[in-house]
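Letter by letter, the chains look like this.
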Amino acid sequence: MNQAAETLPTLTKDLNHAKADLDMFGYCLIADALSPAEVETARTRLLEQATAENQRGLSFRDGGPNQRVVDDYGKVMENAFTEASGGVNQRLWMLANKGPCFRDMIVHPLADELVGHILGNEFILSTMSANIAKAGGVRMGLHTDQWWMPQPIKPGSDYQRASEISRNPVGEFVDPESTLGISPPVVSNIMWMLSDFSVENGATEFVPRSHLSGAHPHPENQSHYPIVQPTAPAGSAMVFDGRLWHGTGANTGGEDRLGVLTTFCSPQFRQQENQTIGIDPELWETFSDKLKARLGFKIWNAYGRVESPAAGMVSPIPDRIGELKPN
């Protein structure tokens, strides 16, 4: 993964160039993905929501240098993700409920073109969140968004049971046998930049080409990896393969870094956020069919159905057939 002799992705409006960058490096940078007006609308809405959640004691905080998340038994502690517990960066979840400007990103033409290039014509929203990286926030550490994908194995060989895969990868995930091949991408992300991304304010870390390694990064020893931090102005977008090693950078004293992340997955996989339960039913009538499908309400090859697999779409409050008896 030596980048010394090659030119890494730079901002482009050429979608064919962007797709080539995705294939080769695992990420691409899109210039002017959002207009100045769209950036201002989304930025204002995000900051309003962040302030309100903070005022109501709903603020989720992470990235603190002294933040303790798990107890002595390895269990996530109650109230671990608060400012009082040392959290710095503010995260906001389930943005599909929190403003039309966010819902527009879910069905943006760039998602069709570039996420579609990775996942195919049909894909669904796994999670939509924002990360306001604040001064003092430490680097997140490299990871992949397909940490749960089983590794290829030889016929008859032992394997780690799929339900027992954890975010701390075991040996064959960090150092896989390359002759067995690698898993295809089933996750893709778009980071929508609502502020300038710089090294100082924690621009996203990547290891270019790592999506083609079939490996996961070592959870602790990461100092030797060839990490880059692409920088770009507000309104830009970064699209990347879910297998690519990535993570939030450290904000060493820059201004708040505002990013909205749309994570998409293939329709046969479980979503991080349970969109079909979490979506506010009062918003349903305002949704286009495209948005409903992308949130996971469209039945895909009989998956995601309630009763008949022949139905095209389910709703947040579906018709259910309960226990019946003949007349």
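As a reminder, the structure under discussion sits directly above these lines.
Residues take numbers from 1 onward in each chain, read along the sequence in its written order. Local features are withheld for residues below a pLDDT of 70 in this predicted model, meaning they are given only at 70 or higher, and side-chain atom pairs are given and counted only at 80 or more; totals for whole chains, interfaces and linings count all residues. In computing side-chain properties, one takes all heavy atoms of the structure into account and sets aside hydrogens as well as water.

Visitor: So what's going on with the packing of aromatic side chains? Which residues, and what values?
Guide: How two aromatic rings sit relative to each other is given by the distance of their centres and the angle of their planes. Side-chain rings of Phe, Tyr and Trp, where Trp is taken by its six-membered ring, are said to pair if the distance between their centres is within 6.5 Å; with planes under 30 degrees apart they count as stacked, over 60 as edge-to-face, and otherwise as tilted. In this structure the tally under the stated criterion is ten aromatic pairs. Between Phe123 and Phe264, the ring centres sit 5.3 Å apart and the planes meet at 80°, which makes this aromatic pair edge-to-face. Within this pair, whereas Phe123 is found in the loop between helix H4 (109-119) and strand S5 (124-133), its partner Phe264 is found in strand S10 (residues 257-265), the two being separated by 141 residues in sequence. As far as the burial class goes, Phe123 and Phe264 line up, both buried. Taken together, Tyr27, Phe206 and Phe240 form an aromatic cluster joined through their ring pairs. Remark: a charge is flagged as sitting over a ring if the NZ atom of Lys or the CZ atom of Arg is within 6 Å of the ring centre and within 35 degrees of the ring normal. Just above the ring of Tyr159 sits the side chain of Arg161; from NZ or CZ to the centre is 4.2 Å. Note on conventions: DSSP H or I runs of at least 4 residues are helices, E runs of at least 2 residues are strands, and numbering of each starts at the N terminus. Classification of residues uses two cut-offs on accessible area relative to the type maximum, computed with a 1.4 Å probe and protein chains only: under 20% is buried, over 50% is exposed, and between them is partly exposed.

Visitor: Can you tell me about helix H1 (residues 15-25), naming the residues and giving the values?
Guide: Those residues of H1 lying buried are Ala18, Lys19, Asp21, Leu22 and Phe25. What you see down the axis of H1 is that its buried residues fit within an arc of 160°, all on one side. Residue contacts are counted whenever heavy atoms from the two residues lie within 4.5 Å of one another. Tucked inside the fold, the buried residues of H1 contact strand S1 (11-12), strand S2 (27-30), H4 and strand S8 (237-241). In protein, a polar contact means a hydrogen-donor-capable atom and an acceptor-capable atom, both N or O and within 3.5 Å, with residues adjacent in sequence counting only if both atoms are side-chain atoms; elsewhere, any N or O pair within 3.5 Å suffices. In this structure Asp14 caps H1, since a side-chain oxygen of it lies 2.9 Å from the backbone nitrogen of Asn16. Positive phi appears at Gly26, one or two residues downstream of H1, with a value of about 95°. Taking the helix axis as origin, the arc is that swept by the directions to the C-beta atoms.

Visitor: If you had to explain unusual backbone geometry to someone new, which residues and values would you point to?
Guide: With a phi angle near 50°, Met94 is a residue other than glycine that sits in the positive phi range. Structurally, Met94 is set in the loop between strand S4 (89-92) and helix H3 (100-106). Within the chain, Ala302 stands out as a residue other than glycine whose phi angle is a positive 75°. Residue placement: Ala302 occurs in the segment after helix H7 (289-294). The exposure class assigned to Ala302 is partly exposed, which follows from its relative accessible area of 26%.

Visitor: Give a description of the sheet that holds S8 that names residues and reports values.
Guide: Backbone-to-backbone hydrogen bonds join strands into a sheet, with any given pair of strands oriented parallel or antiparallel. In space, the eight strands of this open sheet follow the order S1-S2-S8-S6-S10-S5-S4-S3, with mixed pairing throughout. Since the sheet does not close on itself, it has two edges, and those belong to S1 and strand S3 (60-62), each with one partner. Think of it this way: DSSP has to see at least two bridges between two strands before they count as a pair. Of the pairings in the sheet, the one linking S2 to S8 comprises four bridges and is antiparallel in character. Bridged to Tyr27 within S8 is Phe240. Each axis is a line fitted through C-alpha atoms, and for a helix only the stretch in contact is used; angles between axes span 0 to 180 degrees, taken between their N-to-C directions. Packed onto the sheet, H1 meets S1, S2 and S8 and runs at close to 155° relative to S2.

Visitor: Tell me what's going on with the packing of H1 against H4, and back it up with residues and numbers.
Guide: Interaxial distance between H1 and H4 falls to 10 Å at its minimum, and their mutual angle equals 35°. Every pair of crossing elements has a handedness; the one defined by H1 and H4 is right-handed. Residues Leu15, Ala18, Lys19, Leu22 and Asp23 of H1 form the contact with H4, whose own contacting residues are Leu110, Glu113, Leu114, His117 and Ile118. The residue classification treats Ala, Val, Leu, Ile, Met, Phe, Trp, Tyr, Cys and Pro as nonpolar and Asp, Glu, Lys and Arg as charged. All others, Gly included, are polar. When grouped by side-chain class, the residues that make up the contact of H1 with H4 number six nonpolar, one polar and three charged. Two helices cross in a left-handed way if the nearer one is turned anticlockwise from the farther one by less than a right angle. They cross in a right-handed way if the turn is clockwise.

Visitor: So, the environment of Thr276: which residues are in play, and what are the values?
Guide: With respect to the helices and strands, Thr276 occurs in helix H6 (residues 275-278). We classify Thr276 as partly exposed; its relative accessible area is 26%. The spatial distance from the C-alpha of Thr276 to the C-alpha of Val314 is 8.9 Å, given a sequence separation of 38 residues. Here the side chain of Thr276 touches Asn274 through a polar contact of 3.0 Å, side chain to side chain.

Visitor: How would you explain the pattern of salt bridges if you had to name every residue and give the values?
Guide: For this analysis, a salt bridge means a side-chain nitrogen from Lys or Arg found within 4 Å of a carboxyl oxygen belonging to Asp or Glu. Under the counting rule described, the total for this entry stands at 15 salt bridges. Where Asp32 meets Lys13, a salt bridge forms, and the shortest distance between an N and an O atom there is 2.9 Å. Taken together, the residues span a long stretch of sequence, with Asp32 in the loop between S2 and helix H2 (36-55) and Lys13 in the loop between S1 and H1 at a distance of 19 residues. Judged by relative accessible area, which is 55%, Asp32 ranks as exposed.

Visitor: Mind laying out the pairing of S2, listing which residues take part and the relevant values?
Guide: Where burial is concerned, the two faces of S2 agree: the one with Tyr27 and Leu29 and the one with Cys28 and Ile30 are both buried. Two strands pair when backbone bridges link them, and S1 and S2 are joined in this way by two bridges, in the parallel orientation. Along S2, the bridge assignment pairs Thr12 with Ile30. Seen with its strands pointing away from the viewer, a crossover is right-handed if its path from the first strand over the helix to the second goes clockwise. Handedness of the crossover joining S1 and S2 through H1 is recorded here as right-handed.

Visitor: Pulling in residues and values, what's your account of the side chain of Ser266?
Guide: By the secondary structure assignment, Ser266 is in the loop between S10 and H6. Excluding residues that lie within four positions of it along the chain, Ser266 makes contacts with Leu119, Ile124 and Val186.

Visitor: Describe the pairing of S4, listing the residues and the values that go with them.
Guide: Here S4 shows a buried face lined by Asn89 and Arg91 and a second buried face lined by Gln90 and Leu92. For S3 and S4, the ladder comprises three bridges, and the chain directions are antiparallel. From the neighbouring strand, Asp62 faces S4, where its bridge partner is Asn89.

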